[in-house]
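Listed below, chain by chain, are the residues.
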Amino acid sequence: MSEPLRRELPFLVSEIALLVVLLHANAPEVWFWFAVLFVLLLWRSWAWQWRRRERQGAAGSTSGSDTASVD
């Protein structure tokens, strides 16, 4: 199993558990659990995009400094 998937596994399990609760919820509870699941998915996707941008920025900044020090 890859490292990024291993890091996201607890969140995936919790999202699946929330989906199961959502499917078994009564009518008034459905909207609450749907909102919880939506917020969790939104937060995780935002965090994933943030980490991806940081990795791309770090890769770009180190390659520029490495080429400058070749002299």
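What you see is a predicted model; the values in this text were computed from it and never measured.

Which parts of the structure should I look at to understand the overall build of the protein?
Summing up its helical and strand segments, the protein has two helices and zero strands in all. Counting across all 71 residues of the protein, residues that qualify as buried make up 14%. Taken as a whole, the protein presents about 5900 Å² of accessible surface, with 70% of it coming from carbon and sulfur.

What is the right way to read the side chain of Arg-44 from this model?
Mapped onto the elements of the fold, Arg-44 is located in helix α2 (residues 27–68). For Arg-44, the contacting residues outside a window of four places in its chain are Glu-8, Phe-11, Glu-15 and Arg-51.

Help me understand the environment of Phe-38, please; the structure alone is not making it clear to me.
Secondary-structure assignment places Phe-38 in helix α2. It is 9.4 Å that separates the C-alpha atoms of Phe-38 and Glu-15, two residues lying 23 residues apart in sequence.

Scoring rules and cut-offs
- Residues numbered from 1 in each chain as written.
- Predicted model: local features only at pLDDT ≥ 70, side-chain atom pairs only at ≥ 80, totals over all residues.
- Heavy atoms only, no water.
- Helix = DSSP H or I, 4+ residues; strand = E, 2+ residues; numbered from the N terminus.
- Buried < 20%, exposed > 50% of the residue type's maximum accessible area, 1.4 Å probe, protein only.
- Areas by Shrake-Rupley, 256 points an atom, 1.4 Å probe, with all protein chains shown as cover.
- Contact = heavy atoms within 4.5 Å.

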